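# Remarks on the overall topology
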Amino acid sequence: MPPTLRLSVPVPAEENRPEFIRDEQDSLSSESDSDDNSSVNEEDEDSDQVRSPTRLVYNLEALPEKTKSTVRDAFNEPPAMVVQHCRQVGDTFAFQMSEVVTRSVRIRAPSSGETRMTCSCAQGARKDDKEPCRHILWLLDQLVKQTLYDTNHEQPLTMTSAGFPEEMGDPFRAISDHHLNIVADGLHCRYVDPEGYDPRQADQRRIEESRELLSSVYQSSSHSFRPDIFDEPLLGPPLVKAKDLDYTVFRMLVDDDNFFHYFLSEATRGSDVIQQFRLLSHRINAVLQEFDQFNATHGPDSPEVFRNVAWAARHIQGVVSLIRYAIWSGEKPLKAAEKDAAAKTLIHILDSVVKRYNRNLVGGRRTERDLYLRLIGDVDCGFILNELEVIPEGALLYMYSLDMILNDISRQGAIVEYVTRFRKFVAQLKTRGPSPSLKREGPSSEESEGAFKRMR
């Protein structure tokens, strides 16, 4: 079945709310709620008594059957609605309400033979309407942002009548090549694995992001922030914990998608570039996790290409190109903190590739079977160095890590020109001198004597 992506958008309150799938966690309720419901027979859909969202019980005996059904539906699955403001206009009291409605957008494979993209809204569901609705347009724009690497970011994209740019190619193919779980990571949404959905596993990424967001408020390291909450998080009821605002906000970030995205947008306001680097680093982690899992079960010689070296290399080179664009494209030079963030992400990528060198690899097609050899060992494309040399001030903080990475590259083997250039760059950083107030950060590796002796 073609994949289905779901998104929530605010719509006018008078629109009907379509059916949607809730996570298992949404169905949890406290014991007190169960006790309150004991006096109302909620299992009987035809009961003349129904409890409302305010916990009041209504008797529906005097209503016609159609009205009874309407009231039951409204109270049993109440709309996600809030009153924004109210006022009196002459002899009228006016209440303005806002409702969040879930829309389901389906992007089908070219071979499906059906309408390629549909939406559950009134316009998107009409087969005779070939123009994309605003929900499809919004989602495709998000997907283009996630999946498009190989393009000139300085030039405008060419929009097609279907709602996506020509540069994207077929949307289904773009998502398939990128992989849906990697797309989900970039969209900050849960990925529903067709082979078995585990809500606890699906929430893990949201838990990590929530920790980063909350720690950023305190300007502290996310790894050491509130271990009592995050090391073994408990997601059961109750959501609100007395005298612990951090835990309560954390639970709201995990449970409510709209609150999470609102918090994320506010927490990153004014630091778009730094946020972009952080998200790109997360994408690399997600890609390499998939790559490692694939290699653990298939090996470098597997004929399958689902998560092979070429796929991982495409993502890595694409992310590096986005960082390169961010460094060069701004109207103003990057600030010191932005250069540090860019360098940290680049060095993280470099270290991750170097650590994935397969020492036991024998035979031909080396660059097709080993990620390190494809990007560094057997080629000289200036991997990562091209970008770091533009922002040496940012790399200075991670000079120790760069020295360790250089040791590994020299020991593992690489093109002589690349190693020589790397040594020169590290030497230039050392002449600037490390700042005594800065601690060592970033990835590290064990030193080895004679690491500089071997170059291929």
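Presented here is an overview of the structure given in this document. This is a predicted model, so every value here is computed, not measured.

About the cut-offs
Residues numbered from 1 in each chain as written. Predicted model: local features only at pLDDT ≥ 70, side-chain atom pairs only at ≥ 80, totals over all residues. Heavy atoms only, no water. Salt bridge = Lys/Arg side-chain N within 4 Å of Asp/Glu carboxyl O. Helix = DSSP H or I, 4+ residues; strand = E, 2+ residues; numbered from the N terminus. Buried < 20%, exposed > 50% of the residue type's maximum accessible area, 1.4 Å probe, protein only. Core = buried A, V, L, I, M, F, W, Y, C linked by side-chain atoms within 4.5 Å. Axes fitted to C-alpha atoms, helices over the stretch in contact; angles between N-to-C directions. Parallel < 35°, antiparallel > 145°, perpendicular 65-115°, else oblique. Left-handed = near helix turned anticlockwise from the far one by under 90°. Contact = heavy atoms within 4.5 Å. Nonpolar A, V, L, I, M, F, W, Y, C, P; charged D, E, K, R; others polar.

In the structure shown here, the tally under the stated rule is 22 salt bridges. Ionic pairing is found between Asp231 and Arg211, a salt bridge with its closest N-O pair at 3.5 Å. In this pair, Asp231 is assigned in the loop between α9 (227-230) and α10 (245-255) and Arg211 in helix α8 (residues 204-218), connecting sequence segments 20 residues apart. In this structure, Lys430 and Asp403 form a salt bridge, with 3.0 Å as the shortest nitrogen-oxygen distance. Highlighted residues: Lys430 in helix α20 (residues 416-432) and Asp403 in helix α19 (residues 399-412), separated in sequence by 27 residues. Lys430 sits in the partly exposed class, given a relative accessible area of 44%.

On to the nonpolar core. Counting residues in hydrophobic clusters, the biggest one holds 56 residues, and the most contacted among them are Leu350, Ile376, Phe383, Leu402, Ile409 and Phe422. When residues of this core are traced back to their parent elements, those giving at least two are α12 (272-298), α13 (309-329), α14 (336-354), α16 (371-377), α17 (385-388), α19 and α20. A per-element tally of this core places α13 first, with eleven residues. Membership of the second largest hydrophobic core comes to 20 residues, among which are Ile107, Leu148, Phe164 and Ile175.

Running from N to C, helix α4 (residues 134-147) and helix α5 (residues 171-178) cross one another at 40°; their axes reach a closest spacing of 10 Å. By the angle between their axes, α4 is oblique relative to α5. The crossing of α4 and α5 is left-handed. The residues of α5 that touch α4, namely those facing Leu140, Leu143, Gln146 and Thr147, are Pro171, Ala174, Ile175 and His178. Residues of the contact of α4 with α5, tallied by class, amount to five nonpolar, three polar and no charged.

Purely geometric stuff here, so don't read any function into it on its own.
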